[in-house]
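This is what each chain is made of:
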Amino acid sequence: MQLNSISNQTQTLTQSGVIDTIGNTPLIKLDKLSKDKPYTLFGKLESANPGGSIKDRTAKQLIENAMRLGYLHTGGTVIESSSGNLAVGLAQVCKYYEVNLIVVVDPKINQQTLKILKAYGAQIDYVRKACPKEGFLGARLNRVKELLDKHPGSFWPNQYGNFENPKAHEQTMREIVKSLEAAPDYLFVATSTCGTLMGCAQYIKDNGLPTKLIAVDAKGSVLFNRPAGDREIPGHGASRPSQLLNCEYVDDVIHVDDMDCVRGCHLLLDTEALMCGGSSGAIVSAIEKYSDNLPFGSVCAAILCDKGERYLDTIYNWQWVAMLKTKQRLQSAN
């Protein structure tokens, strides 16, 4: 083979940098999980992104758009609040583009995520006390505003209100349709900022797809006008209303608790050998709860948002699970 032919082949097989590997994640058929069920289930494996979660897509969109518009430059500073996955996505993207990152976190952040952020060189800023009405999320956002004042010229991506967030996930839905060569009958999406949910919804609406969009929310989350409550597993649900959510685009909502997340994660691991994070477990449990509503022969897709390794001290730790069960029993008794 001639040298120029080898060069052309290499260009075809390789990417120009790690950022270009974000997206185009596998859609896998979950045969064992849906065995003997009246529906077919596919999982969008977002753990295949280089930072390990779907939030890599969001981080890339937010940062690249800010740099394109001149809000952010090499050597600048990004300040954001995150419960975990977006922080890791931002840490990778900011490192790649030589941008400084300050992440505002709370005590519920897991230790592995914290170690990853420090390895990337992100500066960690803790809030220790939750707001009375808006919990730790409200406290983190208040701290972001304080830090923006302390660092003139810094940039806040604002994953909670920046419409570049859902824009990133129009591509996620496009990939699902392309992989299936048709629109799924049902799409199950976990909610938090509602960026993924609304991005998929926009693609469904713009293309006139028949897909029914099912939101999976946490009990204790206020996103769909439910009362606020304690939640131990980060990554889905929210303690303040979403600025991105349009309920008219959502066909149904299923609420699951922390133990549902745990059970769903272990079911996914035991059947499909997939170790995923809490929101994926939430989706698996939600589909089980919703199965009676799914017509025979339905094709369903679920977005499995992240890896499970960051939950080894919680969801995959039986001592922690036992404590969670005890806490839920005490709450039920009261």
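These numbers were taken from a predicted model, which means no experiment stands behind them.

1. Things to note about the sheet that holds strand β3 (residues 77-81)
Piece 1. Read from one edge of the open sheet, three strands run β3-β4-β5, paired in parallel fashion. Each end of this open sheet is capped by a strand with a single partner; those strands are β3 and β5 (123-126). Geometrically, the sheet is characterised by an average inter-axis angle of 20° between neighbouring strands, direction not taken into account.
Piece 2. Here helix α3 (residues 85-96) sits on the sheet and contacts β3 and β4 (100-105); the angle it forms with β4, its principal contact strand, is near 170°.

2. Side note on the layout of surface pockets
Taking a probe equal in size to a water molecule and rolling it over the atoms shows the remaining empty space.
Piece 1. Roughly 270 Å³ of internal volume is contained in the second largest pocket.
Piece 2. Around the second largest pocket, the lining comprises 16 residues; the ones closest to its centre are Lys-219, Asp-230, Asp-257, Gln-328 and Gln-331.
Piece 3. Listing elements by their share of the lining of the second largest pocket, those giving two or more residues are α8 (258-272) and α10 (318-333).
Piece 4. With five residues, the top contributor of residues to the lining of the second largest pocket is α10.
Piece 5. Looking at the lining of the second largest pocket, its residues break down into four nonpolar, five polar and seven charged.

3. Focus: the pairing of strand β2 (residues 39-45)
Piece 1. Extensive coverage of β2 is indicated by the burial of six of its seven residues.
Piece 2. When β2 meets strand β9 (residues 298-304), the two strands line up parallel, connected through seven bridges. Counterpart to Leu-45 in the pairing with β9 is Leu-304.

4. Thoughts on helix α4 (residues 111-120)
Piece 1. The set of residues buried in α4 consists of Thr-113, Leu-114 and Leu-117. Buried residues along α4 cover an arc of 100° about the axis, so they all sit on one side. When the buried face of α4 is taken as reference, the exposed residues oriented beyond 90 degrees from it are Lys-115, Lys-118 and Ala-119.
Piece 2. Taken together, the buried residues of α4 touch α3, β4 and β5.

5. As for the pattern of salt bridges
Piece 1. Evaluation of the coordinates by the stated rule reveals twelve salt bridges.
Piece 2. The closest approach of N and O atoms between Arg-57 and Glu-175, which form a salt bridge, is 2.8 Å. Placement of the pair is Arg-57 in helix α2 (residues 55-69) and Glu-175 in helix α6 (residues 164-180), with a sequence separation of 118 residues.
Piece 3. The class of Arg-57 is buried, set by a relative accessible area of 5%.
Piece 4. Overlapping salt bridges, with partners in common, bring together Lys-44, Glu-46, Arg-57 and Glu-175 in one network.

6. A look at the pairing of β4
Piece 1. For β4, the tally of buried residues reaches five of six residues, placing the bulk of the element in the interior.
Piece 2. As defined by bridge partners, β3 adjoins β4 across five bridges and the pair is classed as parallel. By the bridge assignment, Val-78 is partnered in β4 with Leu-101.
Piece 3. Taken together, β3, α3 and β4 constitute a β-α-β crossover, and its handedness is right-handed.
Piece 4. In this view, the connection linking β4 to its parallel neighbour β5 by way of α4 has right-handed handedness.

Basis of the calculations
Residues numbered from 1 in each chain as written. Predicted model: local features only at pLDDT ≥ 70, side-chain atom pairs only at ≥ 80, totals over all residues. Heavy atoms only, no water. Pairing = 2+ DSSP bridges. Helix = DSSP H or I, 4+ residues; strand = E, 2+ residues; numbered from the N terminus. Axes fitted to C-alpha atoms, helices over the stretch in contact; angles between N-to-C directions. Contact = heavy atoms within 4.5 Å. 1 Å grid on protein atoms, 1.4 Å probe; cavity = no way out; pocket = protein on both sides within 12 Å on 5 of 7 lines; lining within 4 Å. Points joined across faces, edges and corners; volume = space filled by probe spheres on them. Nonpolar A, V, L, I, M, F, W, Y, C, P; charged D, E, K, R; others polar. Buried < 20%, exposed > 50% of the residue type's maximum accessible area, 1.4 Å probe, protein only. Arc of directions from axis to C-beta. Salt bridge = Lys/Arg side-chain N within 4 Å of Asp/Glu carboxyl O. Right-handed = clockwise from strand over helix to strand, strands pointing away.

Function cannot be read off these values alone, since they describe shape.
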